[in-house]
Amino acid sequence: MATVVQVQNLRKVYGSVVAVDGISFEVQEGEIFGMVGPNGAGKTTTIECIEGLRIPDSGSISVLGLDPQRDGYELRERIGVQLQESALPHRLKVGEAIDLFASFYRRSLPRKERDELLEFLGLADRRKVPFAKLSGGQKQRLFIALALINDPDIVFLDELTTGLDPQGRRAMWDMIRGIRERGKTVFLTTHFMEEAERLCDRVLIIDHGKIVALDSPENLIRNLGAETRVVFTVDGAIPAEKLQAVEGVRRVEQIGERVIVYGEGDALVGNVVNALTASGIRFRDLRTEQPTLEDVFLALTGREMRD
Amino acid sequence: MRGWGKLIITEFKLYLREPTAAFFTLAFPLMMLFLFGSIYGNKPTPLFGGYGTVDVSVPAYTAMIIGSVSLLGIPVVIATFREKGILRRFRATPLRPQAILVSRIVVDFGMSLLGMALLVIAGKAVYNLRFEGNIFYVALAFALSALSFFSAGFLIASLAPTTRVAQTVGMVLFYPMLFLSGAAIPLEILPENIRRISNLLPLTYVVKLLKGMWFGESWGKHLVETAILAGILIVSTAISSRVFRWE
Ligand SMILES: Nc1ncnc2c1ncn2[C@@H]1O[C@H](COP(=O)(O)OP(=O)(O)OP(=O)(O)O)[C@@H](O)[C@H]1O
Ligand SMILES: [Mg+2]
């Protein structure tokens, strides 16, 4: 796989605020790469430096072998961009916006594929609707359409699901996976840990302009050694020693009727259930709680991610 | 130059969809022409140097169009595009920034010209409009006036921190000029002390230059107007090209 984005010692300062503090990383062709971090962590600053829209104070960036500052126009022929905050003229219609932006590029999708794109994004029946009359989610999807109109090699999406309801967010995730299946590299930012975990092949966790961690979500969670929790309700007491002896279990807590078994390994739930059944214990409301990237962030920074 | 043509066509469509802009550029001047035409007709009077009310109104209302496009239209459109992040979205494409500027100028120039054309057609058809100038000089005077005022509109957009400020500044400059420059009310019927104020207003020089060319006066008699309008053009362009912000 080829490296499509290379960032070295990127640094950007606003007055006394160090927005991005000397970060380095690479993005490989064909992956969904996510930058996660709390508000003000430096995600937008980083992504817009890579797109050539902001000028770094120091460090070097190479995107598809191009320098975003020197070769900005050439670069923007080949990337698709969805900005965290932008708009279109309020009376511009969806279909007109698509055709207008298509005209800016050396190569853009032919008409038939533009129609398919609008269909794919659920905008086919909105063609005649002016920008101002679109719902938040429809605007968001229109901006994704504009980011794909030039059939780009890399798509940059800054906070693409902000303002969407959970259902809209899931639909958007499916859409992003679809974009990757068309052979694109996707570079996205989000401050939803769940989004990063579900969607990204690799996640860069950034905080205060510095890289906290960079790996696949699975590795990040596994390396943290965070525990899986099996939670259930019983009438009466449980044989704690018996559960303690089950493979993978670290400790057992009982508070009234509620029992929490802490442990690790994929077989944990099965083993616990088997042990309970073997001992003839009747249990209710059993569920497991897996460690998430939220736990990873908490463990690495000592703070909760706030939305 | 890819995308420029499409951008210009789109901007024309958007202009016509904006009711207030289209009204002030196309409909309002025509309504004024018919209103005063029906009151005073177009008989030659000594007050207007032997021309009729409609004759002097057509170049004056053309100045009014240039003023409203430049001061009510351009600052608000550009500041809105910037404030809402529309300019940022364009900048994330390979479109050259000059395209946005040029398309604005082409559209505003075209719409102003259309507004003037409607006045001329209505004047000719209904009031037997007199024209004694040289088309080429009238066109040149129109172009100088329009570009000069457009550049002032861009300057306001460049300096104003928000759309509201751009809109307010535009209105504060436009409305006094509308009434005191001879654009809406002929200078000839204004009292002497008000006319002294008129001489401080840039739009007055547009009215004088356009009227002069309309009635075939020599350009040599209008060097003051030319110098003032060219000065505005140069200074505004120089400043806005330095201070213009995309976001
Ligand atoms: N144009 C600017 N002028 C001044 N300060 C800025 C500017 N852009 C960003 N900053 C500051 O730089 C820091 C990083 O901002 P950035 O927008 O990159 O964060 P982010 O991770 O994208 O946050 P969010 O999740 O809220 O979008 C913040 O402290 C912000 O206030
Ligand atoms: Mg951001």
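Here the structure is shown first, and the text comes after it.
Residues numbered from 1 in each chain as written. Chains lettered and ligands numbered in written order. Predicted model: local features only at pLDDT ≥ 70, side-chain atom pairs only at ≥ 80, totals over all residues. Heavy atoms only, no water.

A.B. asks: What exactly am I supposed to notice about the sheet that holds strand β10 (residues 228-234) of chain A here?
C.D. replies: Through backbone hydrogen bonds, the strands of a sheet pair up, either in parallel or in antiparallel fashion. Residue and element names in this part refer to chain A. Across the sheet, which stays open at both edges, the four strands sit in the order β11-β12-β10-β13 with antiparallel pairing between neighbours. Of all the strands in the sheet, just β11 (249-255) and β13 (283-289) have a single pairing partner and so form its edges. When the angles between neighbouring strand axes are averaged without regard to direction, this sheet yields 15°. The pairing of β10 with strand β12 (residues 258-263) spans six bridges and is antiparallel. (Pairing = 2+ DSSP bridges. Helix = DSSP H or I, 4+ residues; strand = E, 2+ residues; numbered from the N terminus. Axes fitted to C-alpha atoms, helices over the stretch in contact; angles between N-to-C directions.)

A.B. asks: Help me understand the side chain of His191 of chain A in this model?
C.D. replies: Residues and elements named next belong to chain A. Topologically, His191 is positioned in the loop between β7 (185-190) and α7 (193-199). A relative accessible area of 11% places His191 in the buried class. Polar contacts involving the side chain of His191 include one to the side chain of Glu159, which spans 3.0 Å. (Buried < 20%, exposed > 50% of the residue type's maximum accessible area, 1.4 Å probe, protein only. Polar contact = N/O pair within 3.5 Å; in protein donor to acceptor, adjacent residues only side chain to side chain.)

A.B. asks: Please explain the coordination of the magnesium ion (ligand 2) as it appears in this structure.
C.D. replies: Octahedral metal centres with six donors ideally show angles of 90 or 180 degrees, and tetrahedral centres with four donors ideally show 109.5 degrees. All names here are of chain A. Distances from the magnesium ion (ligand 2) to its protein donors, Thr44 (OG1) and Gln84 (OE1), fall within 1.8 to 2.1 Å. Here Thr44, found in helix α1 (residues 43-50), pairs with Gln84, found in the loop between β5 (79-82) and α3 (94-102); they are 40 residues apart in sequence, far enough to count as distant. Thr44 sits in the buried class, given a relative accessible area of 17%. Exposure remark for Gln84: the relative accessible area of 39% places this residue in the partly exposed category. (Donors = N, O, S within 2.8 Å, 3.2 Å for Na, K, Ca; no water.)

A.B. asks: It is not clear to me how the side chain of Glu48 of chain A should be interpreted in this structure. Could you clarify?
C.D. replies: Within the element layout of this structure, Glu48 of chain A appears in helix α1. Classification of Glu48 of chain A as buried rests on a relative accessible area of 1%. A polar contact is formed between the side chain of Glu48 of chain A and the side chain of Arg88 of chain B, at a distance of 2.6 Å. Among all residues touching Glu48 of chain A, those that are not within four sequence positions of it are Leu53, Arg54 and Leu83 of chain A together with Arg88 of chain B. (Contact = heavy atoms within 4.5 Å.)

A.B. asks: What is the right way to look at the nonpolar core in this model?
C.D. replies: Membership of the largest hydrophobic core comes to 63 residues, with the highest contact counts inside it found for Leu88, Leu142 and Ile176 of chain A together with Phe90 of chain B. Here this core gets seven residues from one element, more than from any other, and that element is helix α5 (residues 136-148) of chain A. Residue contacts for Phe90 of chain B: discarding those within four places in its chain leaves Leu100, Phe101 and Phe104 of chain A together with Leu7, Phe81, Leu95 and Ile100 of chain B. Counting residues in each nonpolar core, the second largest holds 55 residues, with Tyr15, Met32, Leu72 and Leu144 of chain B among its members. (Core = buried A, V, L, I, M, F, W, Y, C linked by side-chain atoms within 4.5 Å.)

A.B. asks: What should I look at first to understand the environment of Leu160 of chain A in this one?
C.D. replies: Residues and elements named next belong to chain A. Within the secondary structure layout, Leu160 lies in the loop between β6 (154-158) and α6 (166-181). Exposure remark for Leu160: the relative accessible area of 0% places this residue in the buried category. Once the C-alpha coordinates of Leu160 and His90 are considered, the two residues, 70 residues apart in sequence, prove to be 20 Å apart. Once residues within four sequence positions are removed from consideration, Leu160 is found in contact with Gln82, Gln140, Ile144, Met172, Ile176, Thr189 and Glu195.

A.B. asks: Please explain the site of ligand 1 as it appears in this structure.
C.D. replies: Residues and elements named next belong to chain A. The immediate surroundings of ligand 1 are formed by 14 residues, with Gly40, Lys43, Thr44, Thr45 and Gln84 found nearest. Note that an oxygen atom of ligand 1 is positioned 2.8 Å from one of the side-chain N or O atoms of Lys43. Look at ligand 1: alone it shows 630 Å² of surface, and the protein chains cover 65% of it. Mapped by element, the contributors of at least two residues to the shell around ligand 1 are β2 (17-28) and α1. Here the shell around ligand 1 is built from residues that sort into five nonpolar, six polar and three charged. (Near = heavy atom within 4 Å. Areas by Shrake-Rupley, 256 points an atom, 1.4 Å probe, with all protein chains shown as cover. Nonpolar A, V, L, I, M, F, W, Y, C, P; charged D, E, K, R; others polar.)

A.B. asks: Quick question: what am I supposed to make of the interface of chain B and chain A here?
C.D. replies: Size of an interface, as often reported, equals the accessible area lost when the parts are brought together. Residue-level contacts link 24 residues of chain B with 27 residues of chain A. Contact between chain B and chain A buries roughly 2,600 Å² in total, counting both sides, with carbon and sulfur atoms accounting for 59%. Remark: the boundary between chain B and chain A carries five salt bridges. As a salt-bridge pair, Arg88 of chain B and Glu48 of chain A come within 2.6 Å of each other at their nearest N and O atoms. Here chain B is connected to chain A by 12 residue pairs in polar contact (both at pLDDT 80 or more). Where the side of chain B that touches chain A is concerned, the elements lending two or more residues are α1 (4-17) and α4 (86-91) of chain B. (Buried area = accessible area lost by both parts, 1.4 Å probe. Salt bridge = Lys/Arg side-chain N within 4 Å of Asp/Glu carboxyl O.)

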